[in-house]
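Topology and contacts: notes
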Amino acid sequence: METNSFACQKLEFASHATAKPNSVRMIFLNWLSQVGKFLDQTLFRQDYEPKVWERLDRNGNHYWEVYDPITNQQAFLRLIQKFGCG
């Protein structure tokens, strides 16, 4: 019985010893993948879509901020609405 237990302990130890380098490798590959995704999203990918934000000035009035990455132009637009009947 002890021999069988000793053999199981050896097997368990051997499986942990071989799993450790694989887990270190997997951690490294995961990290490398994350770095690659970050570089792709921040440095290499061009986003040509215009950006639009709704903002509030210090008086509580709404306005729109628009940015065009192709021309590198920015505009601030304010919508004036008149309410009333007739």
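The structure we're discussing is the one just above.
Worth saying up front: this structure is predicted, and the values here are computed from it rather than measured.

1. A word on a nonpolar patch on the surface
Residues Met26, Phe28, Leu29, Trp31 and Leu32 make up a contiguous nonpolar surface patch of about 530 Å² in total accessible area. Tracing the chain through its elements places Met26 in helix H1 (residues 2-44). Residue classification places Met26 among the exposed positions, given a relative accessible area of 53%.

2. Observations concerning the side chain of Glu65
Take Glu65: it is sitting in strand E2 (residues 62-68). Separated by 2.9 Å, the side chains of Glu65 and Arg55 make a polar contact. Of note is the side chain of Glu65, whose polar atom sits 2.4 Å from the side chain of Gln74. If we ignore the near neighbours within four places in the chain, the residues touching Glu65 are Lys51, Val52, Trp53, Arg55, Gln74, Ala75 and Phe76.

3. Section: the pattern of salt bridges
With the rule as written, the count across this model stands at one salt bridge. Among the salt bridges present, the one from Arg55 reaches Glu65, with a minimum N-O distance of 2.9 Å. You can see Arg55 sitting in strand E1 (residues 51-56) and its partner Glu65 sitting in strand E2, a full ten residues away along the chain. Judged by its relative accessible area of 33%, Arg55 falls in the partly exposed class.

What counts as what
- Within any chain, residue numbers begin from 1 and follow the written order of that chain's sequence.
- Per-residue local features of the predicted model are confined to residues with pLDDT of at least 70, and side-chain atom pairs are confined, for both listing and counting, to 80 or more; whole-chain, interface and lining totals are unaffected and use all residues.
- Side-chain numbers come from the whole structure's heavy atoms, not from hydrogens or water.
- Excluding any residue in a salt bridge, patches collect residues exceeding 30% relative accessible area, merging like charges within 9 Å and nonpolar Val, Leu, Ile, Met, Phe, Trp and Tyr side chains within 5 Å.
- For the accessible areas, the method is Shrake-Rupley and the probe is 1.4 Å, while residue cover comes only from the protein chains on display.
- Any carboxyl oxygen of Asp or Glu that lies within 4 Å of a side-chain nitrogen of Lys or Arg is treated as forming a salt bridge with it.
- Helix numbers and strand numbers start at the N terminus; a helix is a DSSP run of H or I with at least 4 residues, a strand a run of E with at least 2.
- Accessible area is worked out with a 1.4 Å probe on protein chains only. A residue is then buried under 20% of its type maximum, exposed over 50%, and partly exposed in between.
- For this analysis, a polar contact is any N or O atom pair within 3.5 Å, provided that within protein one partner can donate a hydrogen and the other can accept it, and provided that sequence-adjacent residues contribute only side-chain to side-chain pairs.
- A contact between two residues is defined here by any heavy atoms of the two lying within 4.5 Å.

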